[in-house]
Amino acid sequence: MTNLVLGTILGLAVQLAICLGGLKSTGLQLVGPFPEVARFRSQLREMLGLAAWIFPGVVLSNLAVSLPPIWVASFGEGANSAFGYAYRLHSSTVQLLVMASSPVILAHFSDLVARGENGAVRSVLRKAATLSLILGGVGILLVGLIGSTVLGWIFGGRFDAEAATRVADHWWWMTTGLSFLILGNVFAKLWQAQRRPKLMSVMAAVSILGLAIAYFALREVLGEFSVGASMSISSALMILSSLPLVQLRRD
């Protein structure tokens, strides 16, 4: 526990040092003269207005992340354990593919939107959709074909063949929605760049609503695997509901 705490503090310190170095390299100062009172109030009002619209989305997104582990617990300890392993693997994959690229995507969208280059934004969206489908399709094939083998190799003797297959099945159902999850992150960054935070809350609301409906509809059919399937269905519904909201004028 001590090592975990110290490692966390060290990681935060390194992140802070990187941020300070980045500010210095761009010529910005962390400490400097305060802006004029009127300008500061205007900026503060604008930030609070944007934050107020996105806050419900943050709450709903965290709720959507918390519900699947709670639901799967009703299927017993074995299902809970298998889902837990699969959920962590899926979350790590999402972190690697989605979160690592988020800052770059947001910066690129912000630059294009500020310059009014809607054609370039459409091009980025098309490329993102294609790449998302490719990554999602590859993920489905890999997890379905060699998922249990990889799990047995990673965890060694902890998994027998039956346990590895059970975890891989949970992981596969989650992976079926990976392409939609990746594309949903791209849409979220576009909404941020366009200063439309309320749409992020709309996406989160659609996601959790689809999650709940899919779970209760599939619970009796798929059993414990209904949780992973409902996660994928909610991601797909989120994308389908977001497509009509993309507003880009023709150049």
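Residues numbered from 1 in each chain as written. Predicted model: local features only at pLDDT ≥ 70, side-chain atom pairs only at ≥ 80, totals over all residues. Heavy atoms only, no water.

Caption draft 1: Spatial organisation of the pattern of salt bridges. Inspection of every chain in the model, using the stated rule, returns three salt bridges. Measuring nitrogen to oxygen at the nearest pair gives 2.7 Å for the salt bridge that ties Arg 115 to Asp 111. With a closest N to O distance of 3.4 Å, Arg 115 and Glu 117 form a salt bridge. Salt bridges linked by common partners bring Asp 111, Arg 115 and Glu 117 together as one network. (Salt bridge = Lys/Arg side-chain N within 4 Å of Asp/Glu carboxyl O.)

Caption draft 2: Main features of the nonpolar core. With 24 residues, the main nonpolar core has Phe 83, Leu 151 and Val 167 as its most contacted residues. Counting residues per element, the ones that place at least two in this core are helix H2 (37-72), helix H3 (77-99), helix H5 (118-155), helix H6 (161-175), helix H8 (197-222) and helix H9 (226-242). Element by element, the count of residues in this core is highest for H3, at seven residues. Ignoring any residue separated from it by four or fewer positions in sequence, one finds Val 167 in contact with Ala 82, Tyr 85, Ala 86, Leu 151 and Phe 159. Phe 109, Ala 128, Val 186 and Ala 188 belong to the second largest nonpolar core, which has 18 residues in total. (Core = buried A, V, L, I, M, F, W, Y, C linked by side-chain atoms within 4.5 Å. Buried < 20%, exposed > 50% of the residue type's maximum accessible area, 1.4 Å probe, protein only. Helix = DSSP H or I, 4+ residues; strand = E, 2+ residues; numbered from the N terminus. Contact = heavy atoms within 4.5 Å.)

Caption draft 3: Looking closely at the packing of helix H4 (residues 102-114) against helix H7 (residues 178-193). Packing of H4 against H7 brings their axes to within 8 Å, and their N-to-C directions diverge by 40 degrees. Viewed along their axes, H4 and H7 adopt a mutual orientation that is oblique. Crossing hand, H4 versus H7: right-handed. Facing H4, whose interface residues are Ser 102, Ile 105, Leu 106, Phe 109, Ser 110 and Val 113, H7 presents Asn 185, Val 186, Lys 189, Leu 190, Gln 192 and Ala 193. By residue class, the composition of the contact of H4 with H7 is seven nonpolar, four polar and one charged. (Axes fitted to C-alpha atoms, helices over the stretch in contact; angles between N-to-C directions. Parallel < 35°, antiparallel > 145°, perpendicular 65-115°, else oblique. Left-handed = near helix turned anticlockwise from the far one by under 90°. Nonpolar A, V, L, I, M, F, W, Y, C, P; charged D, E, K, R; others polar.)

Caption draft 4: Spotlight on the environment of Trp 173. Mapped onto the secondary structure, Trp 173 falls in helix H6. Looking at Trp 173, the relative accessible area reads 26%, which means it is partly exposed. Sequence separation between Trp 173 and Leu 10 is 163 residues; the distance between their C-alpha atoms is 36 Å. Among residues more than four places away in sequence, those in contact with Trp 173 are Leu 222, Phe 225, Gly 228, Ala 229 and Ser 232.

Caption draft 5: Local environment of a nonpolar patch on the surface. A cluster of nonpolar residues, Ile 134, Val 138, Leu 141, Leu 142, Leu 145 and Ile 146, forms a patch on the protein surface that exposes about 580 Å² of accessible area. Judged by relative accessible area, Ile 146 falls into the partly exposed class, the value being 40%. (Patch = residues over 30% accessible without salt bridge, like charges linked within 9 Å, V, L, I, M, F, W, Y side chains within 5 Å. Areas by Shrake-Rupley, 256 points an atom, 1.4 Å probe, with all protein chains shown as cover.)

Caption draft 6: Region of the structure containing the side chain of Ser 226. Mapped onto the secondary structure, Ser 226 falls in helix H9. Ser 226 sits in the buried class, given a relative accessible area of 0%. A polar contact of 2.6 Å, which involves the side chain of Ser 226, links it to the backbone oxygen of Gly 223. Once residues lying within four places of it in the same chain are set aside, the contact partners of Ser 226 are Phe 75, Tyr 215, Leu 218 and Arg 219. (Polar contact = N/O pair within 3.5 Å; in protein donor to acceptor, adjacent residues only side chain to side chain.)

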